[in-house]
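Here are the chains, one letter per residue:
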Amino acid sequence: MVNKMTNNAVTNNAAIDRPDPYAVPDAEVPIVDLSTFDTDPDGLSKALCDACATVGFVSVAGHGVDADLIQRFFAISEEFFRLPLEEKLKFRSPNDLLFQGYACPGTGPGFHTSERQSFNVFKFDTVADAIANGYPADVGAVFYDAIWPERPAEFPAIWREYYAAIEHIASRLLRAFERGLGLADGWFAPHVKFSPSTLAANYYSNDIDSGHEPSPFRFPAHTDEDIFTILYQDEGPGSLQLHQRGEGWRNVVPVPGTFVVNIGELMARWTNDKLRATPHRVLAPKNPAEERPRMSAPFFFKPDLDAVIGPIPELLDAGEEPRYETYTGRGWLRRAQENIDSGYDTSKQFAEREAADPTLR
Ligand SMILES: O=C(O)CCC(=O)C(=O)O
Ligand SMILES: [Fe+2]
């Protein structure tokens, strides 16, 4: 059931003067070269943490992923998304939170604008495989067996190759975060040994009528509910925007060949907000004539179900109070599921926070 207070808060503030989303400046997203971790680990780690402490987003070059693999991943995914809707629906996720298979507009409160479709996969093809590889027995409560499309035929192999490449970036980034934050080498490793991370491709187009109200946003404002997200976005109209605290919305201009990394809620909690989970959204092209499908590929890096996530005591300054209660990875996923089941809507939640805090506008 949707919370009445939430609805009222949004309705009452409908008259808030919001800046034109099409007239916002470009964000200054720092670029770091991950390959320099081998030669200058302190410099790289500091640059990474500084970017994530201020902008909350960073462009990562020197990541070692072949341009050819990125190109093949995007091409095969686009081929799938261009299949007729009836065919794609055969591979539909049994639940839109749990990120398995195809998800399309019109399903899942708050998670789909009228224009976003996605395909999602976890690391293992079967729950049994995950358990055989050390995952806890209840992993089946949050993941289903992979739902691969029948065509294109190379789709599963290319997705697996891409998943492994991005997972590798995630572990290198973690080491850099440890160093930049002043944690011991390997501090994060025990918390991500059996990570339920997911890979998605988002496809934004106007070829499905979801029945939702039209919106300038292809994906409404939200923060990511993971440790961090590693995103590749294609070029073209209809852009990603981030919310710079105290300054407003900014375009995240694609930098070809780099991944955008943004801090999620769990890293913000671990660091007591020293690293920032920056709100972001995706804007549709203003001119429908410029409309063309847009694709992005987020890898949502998540902690083990057994991991405990709360402000890390050694990161708190003298006298600094922890701002967050502690969750297990499992409890965090359950909370997200409950939010979905109760009709929680990220855009409404953001509208409420925006109404209460003018610096968010
Ligand atoms: O499509 C994009 O560029 C961003 C997508 C996003 O924020 C997400 O999937 O969480
Ligand atoms: Fe996101």
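Residues numbered from 1 in each chain as written. Chains lettered and ligands numbered in written order. Predicted model: local features only at pLDDT ≥ 70, side-chain atom pairs only at ≥ 80, totals over all residues. Heavy atoms only, no water.

Draft legend 1. Summary view of the packing of helix α3 (residues 67–81) against helix α6 (residues 155–181). In the contact formed by α3 and α6, the axes pass within 10 Å of each other and the chain directions differ by 140 degrees. When the axis of α3 is compared with that of α6, the two are oblique. Judged by the sense of rotation from one axis to the other, the crossing of α3 with α6 is left-handed. Residues L69, I70, R72, F73, F74, I76, S77 and F80 of α3 lie in contact with α6, whose contacting residues are F155, I158, W159, E161, Y162 and A165. Residue classes in the contact of α3 with α6 are distributed as 11 nonpolar, one polar and two charged. (Axes fitted to C-alpha atoms, helices over the stretch in contact; angles between N-to-C directions. Helix = DSSP H or I, 4+ residues; strand = E, 2+ residues; numbered from the N terminus. Parallel < 35°, antiparallel > 145°, perpendicular 65-115°, else oblique. Left-handed = near helix turned anticlockwise from the far one by under 90°. Contact = heavy atoms within 4.5 Å. Nonpolar A, V, L, I, M, F, W, Y, C, P; charged D, E, K, R; others polar.)

Draft legend 2. Local environment of the coordination of the iron ion (ligand 2). Every protein donor of the iron ion (ligand 2) is listed here as H222 (NE2), D224 (OD) and H280 (NE2), and their distances to the metal cover 2.1 to 2.2 Å. On the primary sequence, the residues serving as donors to the iron ion (ligand 2) are separated as H-x1-D-x55-H. With D224 in the loop between β6 (217–222) and β7 (228–233) and H280 in strand β11 (residues 280–283), this pair connects stretches of sequence that are 56 residues apart. Under the relative-accessibility criterion, H280 is labelled buried at 7%. (Donors = N, O, S within 2.8 Å, 3.2 Å for Na, K, Ca; no water. Buried < 20%, exposed > 50% of the residue type's maximum accessible area, 1.4 Å probe, protein only.)

Draft legend 3. Looking closely at the packing of helix α2 (residues 41–54) against α6. Interaxial distance between α2 and α6 falls to 8 Å at its minimum, and their mutual angle equals 85 degrees. Compared by their axis directions, α2 and α6 come out roughly perpendicular. Facing P41, D42, L44, S45, L48, C49 and C52 of α2, the residues of α6 in contact are L173, A176, F177, R179, G180 and L181. Of the residues belonging to the contact of α2 with α6, the class tally is nine nonpolar, two polar and two charged.

Draft legend 4. Layout of the pattern of salt bridges. Applying the stated criterion to the full structure yields 15 salt bridges. K274 is the salt-bridge partner of E320, the closest N and O atoms lying 2.8 Å from each other. Taken together, the residues span a long stretch of sequence, with E320 in the loop between β13 (308–309) and β14 (327–328) and K274 in the loop between α7 (265–270) and β11 at a distance of 46 residues. Residue class for E320 comes out partly exposed when judged on its relative accessible area of 21%. Assessed through its relative accessible area of 27%, K274 is described here as partly exposed. Shared partners join several salt bridges into a network, and the residues in it are D68, R72 and E161. (Salt bridge = Lys/Arg side-chain N within 4 Å of Asp/Glu carboxyl O.)

Draft legend 5. Spatial organisation of the nonpolar core. Counting residues in each nonpolar core, the largest one holds 69 residues, and the members touching the most others are W159, Y162, L173, F177, F228 and I230. With 14 residues, α6 is the single largest residue contributor to this core. Aside from chain neighbours lying at most four places away, what touches Y162 is L69, I70, F73, F74, L199, Y232, F259 and A297. (Core = buried A, V, L, I, M, F, W, Y, C linked by side-chain atoms within 4.5 Å.)

Draft legend 6. Representation of the packing of aromatic side chains within the structure. Applying the stated rule across the entire model yields 28 aromatic pairs. Here F80 and Y102 contribute two aromatic rings whose centre-to-centre distance is 5.8 Å and whose plane-to-plane angle is 80 degrees, an arrangement assigned as edge-to-face. Note that F80 is positioned in helix α3 and Y102 in strand β3 (residues 101–103), a separation of 22 residues in sequence. The two residues F80 and Y102 agree in class, both being buried. Ring centres of Y135 and F194 lie 5.5 Å apart, and the angle between their planes is 70 degrees; this geometry places the pair in the edge-to-face category. With Y135 in the loop between α5 (127–132) and α6 and F194 in the loop between α6 and β5 (198–204), this residue pair connects regions lying 59 residues apart in the sequence. Under the relative-accessibility criterion, Y135 is labelled buried at 6%. The aromatic ring of W249 is capped on one face by R281, whose charged end is 3.9 Å from the ring centroid. (Phe/Tyr/Trp six-rings, centres within 6.5 Å; stacked < 30°, edge-to-face > 60°. Lys NZ or Arg CZ within 6 Å of the ring centre and 35° of its normal.)

Draft legend 7. Looking closely at the site of ligand 1. In the region of ligand 1, 13 residues are neighbours, and Y204, H222, H280, R294 and S296 sit closest. At 3.2 Å from an oxygen atom of ligand 1 is found a side-chain nitrogen or oxygen belonging to D224. Contact distances for ligand 1 include 3.1 Å between an oxygen atom and a side-chain N or O atom of H280. When ligand 1 sits alone it has 290 Å² of accessible area, and the protein chains cover 97% of it. Listed by contribution, the elements that provide at least two residues to the shell around ligand 1 are β5, β6, β11 and β12 (294–301). For the shell around ligand 1, the element with the highest residue contribution is β12, accounting for four residues. (Near = heavy atom within 4 Å. Polar contact = N/O pair within 3.5 Å; in protein donor to acceptor, adjacent residues only side chain to side chain. Areas by Shrake-Rupley, 256 points an atom, 1.4 Å probe, with all protein chains shown as cover.)

Draft legend 8. Representation of the side chain of R281. Assignment of secondary structure puts R281 in strand β11. On the accessibility criterion, R281 (8% relative accessible area) is buried. The residues contacting R281, other than those within four sequence positions of it, are P21, F217, F219, P220, A221, S239, L240, Q241 and W249.

Draft legend 9. Region of interest: the state of the cysteines. Overall, the coordinates contain zero disulfides when judged by the stated rule. For C49, which is in no disulfide, the shortest distance to another cysteine sulfur is to C52 and amounts to 6.6 Å. Residue C52 is classed as buried on the basis of its relative accessible area, which comes to 0%. (Disulfide = S-S within 2.5 Å.)

Draft legend 10. Molecular detail of the sheet that holds strand β2 (residues 57–61). Spatially, eight strands are ordered β1-β2-β10-β7-β12-β5-β4-β3 in an open sheet, and the strand pairing comes out mixed. The open sheet terminates on both sides in strands that have one partner only, identified here as β1 (31–33) and β3. For this sheet, the mean inter-axis angle between neighbouring strands, taken without regard to orientation, is 25 degrees. As paired strands, β2 and strand β10 (residues 259–263) are joined by four bridges and run antiparallel to one another. Bridge pairing links V58 to V261 in β10. Contacts from α3 reach β3, β4 (116–122), β5, β7, β10 and β12, with the element oriented near 115 degrees to β12. Those strands touched by α6 are β2, β4, β5, β7, β10 and β12, and its axis lies near 130 degrees from that of β7. (Pairing = 2+ DSSP bridges.)

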